[in-house]
Amino acid sequence: MDHISILGMSSVSALGGSSAVVWENYRAGQALFSEATTPSGPVAVARLSQQLEQEVEQLAQQNPNYKRLDRTALLAILAARGSTEGTQPEGKWGVNIGSSRGATGLFEKYHQDFIKRGEAHTLSSPTTTLGNVSTWVAQDLQLPAMSLGHSVTCASAMHAVLNGIAWLRSGMVQAMLVGGTEAPLTPFTIAQMQALNLYSKNTDGFACRALDLNKTANTMVLGEAAATAVLVLGDHPQAQGHICGYGWGTETLDHHTSLSKQADCFQDSMKMALTAAGLESVDAVVMHAPGTILGDKAEYRALQEVFGSGLPFLVSNKHLIGHTLGTSGMLSLELAMLMLQQRDCPVNPFLEQAIEKPQQFKTVMINAVGFGGNAVSLIVCK
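Residue positions are counted from 1 within each chain, in the order its sequence is given. Local features in a predicted model are, by the rule used here, given only for residues with pLDDT of at least 70; side-chain atom pairs are given and counted only at 80 or more, and totals for whole chains, interfaces and linings are based on all residues. The side-chain quantities take in all heavy atoms of the structure and omit both hydrogens and water.

Asker: Describe the sheet that holds strand β9 (residues 241-250), with residues and values.
Answerer: With mixed pairing, the ten strands of this open sheet are ordered in space as β5-β4-β6-β8-β1-β9-β13-β12-β10-β11. Strands with a single pairing partner mark the edges of an open sheet, and in this sheet they are β5 (146-150) and β11 (313-315). Geometrically, the sheet is characterised by an average inter-axis angle of 25 degrees between neighbouring strands, direction not taken into account. Strands pair, by our definition, only if DSSP identifies at least two bridges between them. By the criteria applied, helices consist of DSSP H or I runs no shorter than four residues and strands consist of E runs no shorter than two, each listed in order from the N terminus. Two strands pair when backbone bridges link them, and strand β10 (residues 284-286) and β11 are joined in this way by three bridges, in the parallel orientation. If you follow Ala284 over to β11, its bridge partner there is Phe313. In this analysis, two residues are considered to be in contact whenever any of their non-hydrogen atoms come within 4.5 Å of each other. Every axis corresponds to a line fitted to the C-alpha atoms, with the helix fit spanning only the stretch in contact, and the corresponding angles, defined between N-to-C directions, vary from 0 to 180 degrees. Packed on one face of the sheet, helix α8 (residues 264-277) meets β9, β12 (363-368) and β13 (374-381) and runs near 145 degrees to β9.

Asker: Describe the pairing of strand β3 (residues 41-46), listing the residues and the values that go with them.
Answerer: The two faces of the sheet receive side chains in turn, since in a regular strand these alternate between them. Counting buried positions along β3 yields five of six residues, so the element is predominantly enclosed. With five bridges joining them, strand β2 (residues 34-38) and β3 adopt antiparallel strand pairing. Residue Ser34 lies in a different strand from β3, and its bridge partner there is Val45. Counting the residues between successive antiparallel strands, the hairpin from β2 to β3 contains two residues. Sheet analysis places β3 next to strand β7 (residues 222-223), joined by two bridges and oriented parallel. Paired with Ala46 across the two strands is Gly223, which belongs to β7. Exposed residues in this analysis have more than 50% of their type's maximum accessible area, buried residues have under 20%, and partly exposed residues fall in between, with area computed by a 1.4 Å probe over protein chains only.

Asker: Which residues make up the layout of surface pockets, and what values do they have?
Answerer: Space left empty within the atom packing is revealed by a probe, the size of a water molecule, rolled over the atoms. Cavities and pockets were defined on a 1 Å grid built over protein atoms only: a cavity is a set of grid points that admits a 1.4 Å probe from which the probe cannot escape, a pocket is an open set flanked by protein on both sides within 12 Å along at least five of seven lines, and lining residues are those with an atom within 4 Å of any such point. Grid points are joined across faces, edges and corners, and a volume is the space filled by probe spheres set on the points. Space inside the second largest pocket adds up to approximately 310 Å³. If you trace the second largest pocket, you find 17 residues lining it, with Arg71, Ala183, Leu185, Thr186 and Glu224 closest to the centre. Those elements that place two or more of their residues in the lining of the second largest pocket are β2, α4 (104-117) and α7 (187-195). Counting residues per element, the lining of the second largest pocket draws most heavily on β2, which supplies three residues.

Asker: A description of the packing of helix α3 (residues 71-84) against helix α5 (residues 131-140) should follow, citing residues and the corresponding values.
Answerer: At their nearest, the axes of α3 and α5 sit 9 Å apart, and the two run at 40 degrees to each other. It follows that α3 is oblique to α5 by the angle criterion. In the crossing of α3 with α5, the sense of the turn from one axis to the other is right-handed. Packed against α3, whose contacting residues are Thr72, Ala73, Ala76, Ile77, Ala80 and Arg81, the element α5 presents Asn132, Val133, Trp136, Val137 and Asp140 at the interface. In terms of residue class, the contact of α3 with α5 is made up of seven nonpolar, two polar and two charged. Here the word oblique covers every angle except those under 35 degrees (roughly parallel), over 145 (roughly antiparallel) and from 65 to 115 (roughly perpendicular). The sense of a crossing depends on the near helix, which, turned anticlockwise from the far helix by less than a right angle, makes the crossing left-handed and, turned clockwise, makes it right-handed. In this classification, the charged set is Asp, Glu, Lys and Arg, the nonpolar set is Ala, Val, Leu, Ile, Met, Phe, Trp, Tyr, Cys and Pro, and all remaining amino acids, among them Gly, are polar.

Asker: I'd love a proper account of unusual backbone geometry, names of residues and values included.
Answerer: The residue Ala263 is not glycine, and still its phi comes out positive at about 45 degrees. Mapped onto the secondary structure, Ala263 falls in the loop between β9 and α8. On the basis of relative accessible area, Ala263 is assigned to the buried category, the value being 0%.

Asker: Please give an account of helix α1 (residues 19-28) that cites residues and values.
Answerer: Along an α-helix, residues three or four apart share an orientation, since each turn contains 3.6 residues. When we look at burial in α1, the residues that qualify are Val22, Trp23 and Tyr26. On an axial view of α1, the arc spanned by its buried residues comes to 95 degrees, and they lie on one face. When the buried face of α1 is taken as reference, the exposed residues oriented beyond 90 degrees from it are Ala20, Glu24 and Arg27. Once α1 ends, the next one or two residues include Gly29, with phi positive near 70 degrees. The arc in question is the one spanned by the directions pointing from the helix axis to the C-beta atoms.

Asker: Go over the sheet that holds β2 with me, naming the residues and quoting the values.
Answerer: A sheet is described by the order of its strands in space; here three strands give the open sequence β2-β3-β7, paired in mixed fashion. The open sheet has two free edges, formed respectively by β2 and β7, since each of these has just one partner strand.

Asker: Which residues make up the pattern of salt bridges, and what values do they have?
Answerer: The salt bridge definition used is simple: a Lys or Arg side-chain nitrogen within 4 Å of an Asp or Glu carboxyl oxygen. Evaluated as defined, the whole model comprises nine salt bridges. Where Arg71 meets Glu224, a salt bridge forms, and the shortest distance between an N and an O atom there is 2.7 Å. Placement of Arg71 in helix α3 and of Glu224 in the loop between β7 and β8 (225-233) is noted, with a sequence separation of 153 residues between them. Accessibility expressed as a relative area gives 6% for Glu224, which makes it buried. The residue Arg209 makes a salt bridge to Asp212 at a minimum N-O spacing of 2.8 Å. Residue Asp212 is classed as buried on the basis of its relative accessible area, which comes to 10%. Each of the salt bridges in this network shares a partner with another, and the network as a whole consists of Arg27, Asp344 and Lys357.

So this is what it looks like as C-alpha cells:
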C-alpha cells in the first residue's frame, strides 16, 4: 500500500500534554491513577494532570460557545491544536474524531435536569450529538473541512484512522485530522463498567493489571483523554512516521461483549495489516490489553496464532493510564511513534517475554478492539 505520512500528533491524558512529558512518564513507569468517589465507593481513575486541567478551564473561557461544550469536545480541541501546530498542508481537509461514549458529562447532567424539571435544556441536543466534536474542532482551527464523527466503541479512534486513509486514497481530501476523545469519568459511565464486573476493585499502585495473564479478577480502570494526528498520502518530507499497513476484522457475536477465545477479529486484522505492509513480522506490538481476564488472554492467543513461536516484543500502556475507551487506540499509536523515535519502550511489569527488548524499533503494530468485536490493526514504520 502507499504509505500514509503522519505529519503531527498530539494528546492530552494522564501522561501529559506534550510528547516530551508523555515520554518522560512512560520512562518513569509509574501508574498514573488517583481515587474517585462513586456511589459504590472509591475507584481508581486516570485523570488529566492539574496543569492540563487548568488548560481545559482556560479553553472554556476563550469563546462563549466553548463554555457550553462537553468535556469530550474541549479535550479534542486541545489535542487538535497540538497536532496541527506548524502543520498546515494545502488542499481540502477532513476531520474525523471518534468517541465510544460521546458527551457523557453533559448527557448525564441534562438528563438529571429533565427528570427533576420535566423539561429539556435548550442546548441539550446540539451539545450532546457526537458530530458536535469534529465540528467544533474544525471551527476552532478555522478549517473549512468535511467533519464527521462516529462510535465504534473502544476502536473508535482507530476506525477514524481507517476512514482517514480511505478519504485520502479516494482523492476527496488532501489532509485528514483523525483521532478520538473520551471523558468517561462520570458516575453513570463508571457504574456501567462495574455492572459488567469489569472494573478494578483496587485503588492502589497498578490497579489495572493489563497483560497479567494469571490474574483472577478483571482490573479495567477508566481514564480520560483525547489524541489526534494529521495524515497525508505518500512519503511527506516532514513526516514523523508512516502508516505502512492496516487491517480490520469483526467477530461473530454470541452476546453484547463477546470476544472469541482466540480473538478471531484480531487474527484477521493483524494478518491483513501484515499483508498490506508486505511483512511477515514486526519488532513490537502495542496491545489493546484492557486489563480484563478474557480480553487480555484472547488477544495474546491471537498473537500466538498469527506469529507462532516468533512473538514480537509485547507492549502495553493501560497498566499506567487505564482504558480511555474510544481514544485508547490513538494513545497506543502515539506510543508506537515514540518507540520509533526514542528507540525504547515501556516494559510491562506482569508479562514474562521470551525475547529481550529490541535495541531499536523499525516496525510497530498497534491493536484496538471494542464491544461489537470490531478490531483494527495498524503498522507504523520510521
